[in-house]
Every structure is written in C-alpha cells, then in structure tokens.
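Fold and geometry: a report
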Amino acid sequence: QGIKKPFTEVIKANIGDAHAMGQRPITFLRQVVALCTYPNLLDSPSFPEDAKKRARRILQGCGGNSLGSYSASQGINCIREDVASYIKRRDGGVPADPDNIYLTTGASDGIATILKILVSGGGKSRTGVMIPIPQYPLYSAAISELDAIQVNYYLDEENCWALDVNELRRSLNEAKAYCNPKVLCIINPGNPTGQVQNRKCIEDVIHFAWEEKLFLLADEVYQDNVYSEGCQFHSFKKILYEMGPEYYNNVELASFHSTSKGYMGECGYRGGYMEVINLHPEIKGQLVKLLSVRLCPPVSGQAAMDIVVNPPIPGEESYSQFIKEKESVLNNLAKKAKLTEDMFNTVPGIHCNPLQGAMYAFPRIFIPSKAIEEAKAHKMAPDMFYCMKLLEETGICVVPGSGFGQREGSYHFRMTILPPVEKLKILLEKVKDFHIKFLEKYA
Amino acid sequence: QGVPKPFTEVIKANIGDAHAMGQKPITFLRQVTALCLYPELLANSTIPEDAKARARRLLAACGGVGSYSASPGIPLVRENVARFLQRRDGVPARANNVFLSTGASDAIVSILKLLVSGEGRSRTGVLVPIPQYPLYSAAIAELSAVQLNYYLDEENCWALDVAELRRAVTEGRRHCCPRVLCIINPGNPTGQVQSHQCIKDVIKFAYEEKLFLMADEVYQDNIYAKGSAFHSFKKVLFEMGPPYSEVVELASFHSVSKGFMGECGFRSGFVEVVNMDPEVQQELNKLVSVRLCPPVPGQVLLDVVVDPPQPGDPSYELFMTEKQEVLGALAHKARLTEEIFNRVPGIRCNPVQGAMYSFPRIELPPRARAAAEAQGQAPDMFFCMKLLDETGICVVPGSGFGQREGTFHFRMTILPPTEKLQILLEKLSSFYSKFVKEFS
C-alpha cells in the first residue's frame, strides 16, 4: 500500500516449510519422481540406474504403469510394503504388517480421518480428545470441525516441555465430568515446543493409555529431526512392543509420518502414511470405506514417500550424494537449533527451552503490563500484539503463542529455524534488539 | 485361490480410470510437470522450449513443488483457471472465486460441508440425481445430511425434468430443509449431456426454490454425440442475466482426472464459486486451510490443462494430435457400445452422449430375480457377479448408483482399447443372452 517500512523484506519464519526458506530438495527423491512422471527419461543417460530401478518398481505398481491412475484407496501395495520394512528397520526389528499401513495425503489427512472414526456420542458422552498445550493447531481445527470436545493437557515448560502423566490424569479426570475422553494425542518430537520425549516418558504414557483405555494418536512427523545430545527418537510402536503382550496386544495406536518434514521438506507433495495397531477389523473396514470417498492419495506423493522409506543404501550409485545431502540438511538444522536457543537465552526477558528436535523455537517472552494494557485496548492477545509490532518494525513474521495455546499469563512466539544460517543470525539479532527496545518502551 | 476360471484375465471395465486401461498421458503435461519436479531437466535437450518456458513461469510462481502453496492454490494457477473459464464461457471470472482442490471430490465435500446444517426437520436436504455418482451419497452420509433423490428420465435420454425436481423438493420439504441441488453434466453413470434449455430451466428452478446449485462438470471435455454440446451452468446463468445471474448461488467443479487427460492419480481439480456470500467464502478459505494445500504437482498439471499449447508453439501439433486421438477414440467407442448393446434383445442402451460410461438397462427374468433374492443380493449385483465369474468382465451393478424401482442396469466404462472393447461388448452380449435363457 506504499507505506514506508523500516525493513527491506518480510522474513517468513512462521511456517514449517523448509523449501520455501531455501532448503534444497534431495536429488534422488526428485529424480525418481521425475522418472515416474515422464518415463521417457528412463532412456536418459543423465539419471542413475538405482533411481530408474525404483521408478520402474513404482510404475509397475500403478495401473497402466502410470502415475495418472488411481491407486487403491489404501495406497500402492509395494509402497506400503516398503513402509512396513522401513518401520521394522527403524524400530530394531519390531514387525510391521503392510496391511496396517495406509498412505495418506500428508499426515494431516490421516489424522483427520482417524479422528473422524473415533468421534461419536452426544452431550456428556461426546468424544473428548486430549491434546497437548501448546499444540499444532491442526488438532484444535479438526476437533472443532468434528464437533468433538477438546481436552487440554499442559506440557511442563519448566521441564523442557516434558509430558507429565500426573497432568494427563488431572486433565482426563476433569474432562470425564463433561465428555467421554477416548483419544490421547501426542506430538513427538513436539510442535511448536521441539521436545523429544524420553523412553521412560513414552512408557508412562502408554501405560496411562492402557489403564484408561485411550486410543493413542502419535504424531511423529519430526522423527528425523532430533538434534540434542542425549535425545533420541523412540517410536510409540517400538516402545509399545517392548512393553510386552499385555500392552502390545491391547493398546490401540495410530502413528503418523510425512514427507513434509525431516530432511526431505516435501510439503507440496502431500505425502504421508499412518500405521494402525490393534484397530478392530470391522473398524479397519470402515476406515477404508471412509478413505475411498476421496478415492486415493496423490500418487506422486506416494512415490515421494516410497523414497523416504526406501532411500539409497551403501553400495548403491546414489548413496554417497544422498547421504551427503541428508546429513548436510540435518547438521545445518542442528546447528541452527543450538544457535537459536543460545541466542534467545542471552536476551533479558526471553527464555528459550532447548530445541531438542522438530523445526521451531518456542521461547517464552516477558511482556510488561503496560504492553498488556495496550494490547487489550487494541482487542489483541498480548503476544499477538508483540508479534504484530515485531512484524511492523523488523519485517520478521513469527506466530504468537496464543495460536498454539499456553498456560494462562504466559506468552510465547513460535519461530522456525528454517532460514539459512546467516539470515537466521541476523534475524535473531534483530529480534533481540526489538525485544530490548520493546521492554524499554513499555517499562 | 487356485480355482480355474473360464477366462484368462479380469477386464476392469468398472472404474473411470483411463490410464489404467492403457490410455497414454498427454506428453506436454508430463514434460512440464517433470521439469517442475526436477528443474535440472531444463538443461535436457529432448524437452521442447515451450515446456521449459512454462515450467520456469510455474517455478517462479510456486518457489518449487516441495513448498506448501496458499491453501486455495498457487495464485498464478488460480488466475490461469479464471482466464480459462472466461475463454470457455465468455463470462468474466475472478481468481479469488477459484479454489484449487485435491481432485474435484475434495472440493465437492468442502462445499457440502459449508452447506449442511440444522437438525431434525431443518437438517439440510441435498438433491441428487438418480442414477448418481456415489461420491454424493457417501458425502451426504458422512455429513449426516438428508439425501433427496430426483429421477433422471430414462425414456428421454436421461434428461433432467423440472417437474420431477419439483416433486422431489416438495416431498423433501416435509422432512428436511432442501438447500442444495446437485447436477452432474455430462452425467455419470448415465452419460447424458443436458441441453441448453434444460440447464436454463434448472437454473430458474434453483432461483425459485432458493437452492444452491452444485454443477459437477468434470466430463466437460467428453462430448461425443452429434448435436450435443457442453454448456456450463455459469455461462447459461449469465446469459439469463439479472436477477438470476446476481442471485443464484453456484459452485462448478472440474478435474484433471477425466477429459482427454485422465490424470486421476494426481488428484487435482478446482471449484469456481459464484454469488457466494463473502463471509461464507471466508469460511471456505478457513476450511480448506485445515489440510494446508492441494498437492502442488497436481496444481502444476492443472495449469497446463487450462493453458495448453497454442498454434505456433513447438508442442502444439503433438498436443493436438494426442488430444484428438484420445477424444476421437472415446467418441468411437461410445457409439460402438451403444450399437452393440442395442442389438441384444433385453438390453437397452441410451446414447452415450458424453462422459466415459454406458449404463444399459437389462431385463432380468423373474427366476433370476428370485435366485438373487435367495442369495441376499440385488438382482443386478447377482447378474454382475455371474458375469465376472464366467467371463472375467468386471462392471458395476446399477444398484450402486440408484435406479427406478424394478429396473436393472450396469455401468461399464468405454475405456478399454477399441479392439478389446469390441470383444468385451460381444462377450457381455452373449453372456446376457445365455443368462436370460438359463433363467427363463
């Protein structure tokens, strides 16, 4: 609109979209999908044999050998098999059945579909869905769309955003008064909080779900994004299995993964899968029926997912470039995670928990009461007010904590660690300067 | 399971999936898409310049296919869709009224979600044609809306009859609140192409009864019969002028799955909304953002569909040849199907004016109907199962789409290659005659 601003560009540190911030796609993945899209390229000498081999296999799984055919609603068979093999490898040999694998249009599609199946009842028997606060707002949106009941449980900010079973129990018991809590959603690694839950914690959560007969929804799309020393991704499926038959044969679990995050960053493909454990066979039948309304997930996304679970292995021609690209992305993210945490913690009035995983910082910010007053006068949440001022004065776009939920009286914002390192450093400096000025202005 | 069958292969004439039946993709579409997926190909000398120019424009517009796009779609593609609509209809179209979607099915479900409300007697009623494409009944069931059937006129080439629409609405008002009128044109499974006059009458009816019009037009490129032409609801609406053009609420759907493209697996389509309340349109924006965005490779492909090569472009000739080949073959197969089926006493096949299916009516002898009942099967399901078991030919019983009580049909696609289709049609015809003999 022609108004002069004190910055030269808007820096979008608001969305978990790596490619939009300059991250490069993984060459091998793009080669395979390009070969599938335009099979004439199978004759081209500029594509490696291992990419062609995978492309041929995927195309053979497609009707008429074309990405343009509908697949089965559950997804292409050989890709589901590859996903099952991946899960088994990832989890140290815990078996995975391709029949329990459903390819989806991004993880969001799978999550919304499972929630649809689980939500029922009316009034006090309406399904309650337990979600972490802070949460990724897909959950609140889907719950709202389905007219289910949102049941909040607070992550422990003082303790690196850990899950606390006592808090789960508090939340569940309170909710029983007005709804039928049946579902427990976990995001691990967390969004926006970036914590990576430890093994003991996951065991405790599984035990809790078993006791209270809750359906576990494990959103694990950041499973490749683990940075902190001493942190490791443990899938809910693996821990469930390791806890023995009483748990493994009874706890209902759906785990989700996606092509959008990790080292791939392929958000635009809308690729994903879910693995369902202990789902009643009749329910599985209904699940396929429900999925069939939208026919099938995009086949190019299914192909992308296949490469994620079936990447080049040592000995293959493309392996060294693949590993180099993958490690480069992940090391870069790890570096930026540390950089961000350290930088924010030098700022008076900002406290940032370690970014153990995922792609975001969720620092807590001190907002002086004068600023809170002014926010109220503008009918804005205080952290929204802060973020708008940040945007207006520096061009930096982040998301206020109120968008994700937070304990009453605390304020946060979520910033991605996706901009390139040099830009991120400048960003962080700018945020620091802004914050100090903001504190002074509203002292 | 190892049981020997009297056939060598199952022939799937049941699903509207052209590539699965051997139809080839349009080269230019795949070239541009591959270029966008793997921009290194811009250096490949076997790919024509116009494809590269297109890819460069799209890449600049979306920042790469790996990024999320805006939830309603890449702005450049929405603009190109609007231009396409304007060229097609001669009526202005705005990019803001175009929402790209994950196939037409996705947009149809989203629109229905917006329209379904109320409880008990005020629950939204949705008028659907019988026979219908079962996405509608499934979505209505999922949303707990009320399905209101209106019968297409089989004696009259499956035409829409406003008197029948009126009957359906009036009856519907007794137990729900009819708000939506769904039209599939060209029709699935019936293949009729509605006349201009018919569309006008439907629009007038929707205006009078204050119904939201949903026009499923995914087969708009599949028109075969002489004397049939595709008239978009949007175009006719604006030809009718005010008050209709200012008042009637319309959502029109298109897709890359059908036409001459057959790109079902890419899950790409769009909806154009006309005269939608701006606040409702805002909610639609919010609703589509829950699933973030439609698949970007599909959006890229759609862009090429609505903005194809032009005369003079290097790829123009090949593109036109491929397109005409596909459509010509479909037209030929449409006529062939109608001809062969109509030779068989007991089978009556309306002209396949458009779309991709025949939906012939079959007479089933009373003994066959009794046998079906004994097995707890709909008679046409019984017929189709026997057909599958004895010939390997897979079609869909009419009961899956709805039909007038006491009539039986099946839906068969015209997608298998011509020679195979001919054999199929003949086998099916012989099977039918045998079947009738066996059960007389």
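Bear in mind the structure is a predicted one, so any value in this text is a computation, not a measurement.

Here's the deal with the overall build of chain A
Across its full length, chain A holds 15 helices and 14 strands. Against the compact-globule benchmark of 22 Å for 443 residues, chain A has a radius of gyration of 23 Å, which places it among compact chains. Within the span of chain A, comprising 443 residues, buried residues form 61% of the whole. Of the contacts made within chain A by residues no fewer than 6 positions apart, 72% connect residues no fewer than 24 positions apart. With the model as given, the accessible surface of chain A reaches about 17200 Å², and the carbon-plus-sulfur share is 51%.

With respect to the sheet that holds strand S2 (residues 101–105) of chain A
All names here are of chain A. Reading across from one edge, S2-S8-S7-S6-S5-S3-S4 is the order of the 7 strands in this open sheet, with mixed pairing throughout. The strands lining the two open edges of the sheet, one partner per strand, are S2 and strand S4 (149–154). The sheet shows a mean angle of 25° between the axes of neighbouring strands, taken without regard to direction. Judged from the 4 bridges that link them, strand S3 (residues 127–133) and strand S5 (residues 180–187) form a sheet pairing that is parallel. Pairing of Val 129 across the sheet is with Val 183, part of S5. Where helix H11 (residues 299–309) meets the sheet, its contacts fall on S2, strand S7 (253–258) and strand S8 (271–277), and the angle it forms with S8 comes to roughly 70°.

Quick word on the domain arrangement of chain B
All names here are of chain B. Each assigned domain of chain B is listed with its residue range as follows: domain 1 (11–16 + 330–439) and domain 2 (58–306). If you look at the interface, domain 1 gives 24 residues, while domain 2 gives 27 residues. Summing the contributions of domain 1 and of domain 2, the shared interface buries around 2100 Å²; its carbon and sulfur component is 53%. Summed over the shared surface of domain 1 and domain 2, the number is 2 salt bridges. For the pair domain 1 and domain 2, the interface holds 13 residue pairs in polar contact (both at pLDDT 80 or more). Broken down by secondary-structure element, the contributors of at least two residues to the side of domain 1 that touches domain 2 are helix H12 (316–342) and strand S10 (357–358). Broken down by element, the side of domain 1 that touches domain 2 gets its largest block of residues, 3 residues, from H12. Grouping the amino acids of the side of domain 1 that touches domain 2 by side-chain chemistry returns 11 nonpolar, 9 polar and 4 charged.

The rules we used
Residues numbered from 1 in each chain as written. Chains lettered and ligands numbered in written order. Predicted model: local features only at pLDDT ≥ 70, side-chain atom pairs only at ≥ 80, totals over all residues. Heavy atoms only, no water. Helix = DSSP H or I, 4+ residues; strand = E, 2+ residues; numbered from the N terminus. Rg over C-alpha atoms; globule rule 2.2 N^0.38 Å. Buried < 20%, exposed > 50% of the residue type's maximum accessible area, 1.4 Å probe, protein only. Contact = heavy atoms within 4.5 Å. Areas by Shrake-Rupley, 256 points an atom, 1.4 Å probe, with all protein chains shown as cover. Pairing = 2+ DSSP bridges. Axes fitted to C-alpha atoms, helices over the stretch in contact; angles between N-to-C directions. Domains from an automatic or database assignment. Buried area = accessible area lost by both parts, 1.4 Å probe. Salt bridge = Lys/Arg side-chain N within 4 Å of Asp/Glu carboxyl O. Polar contact = N/O pair within 3.5 Å; in protein donor to acceptor, adjacent residues only side chain to side chain. Nonpolar A, V, L, I, M, F, W, Y, C, P; charged D, E, K, R; others polar.

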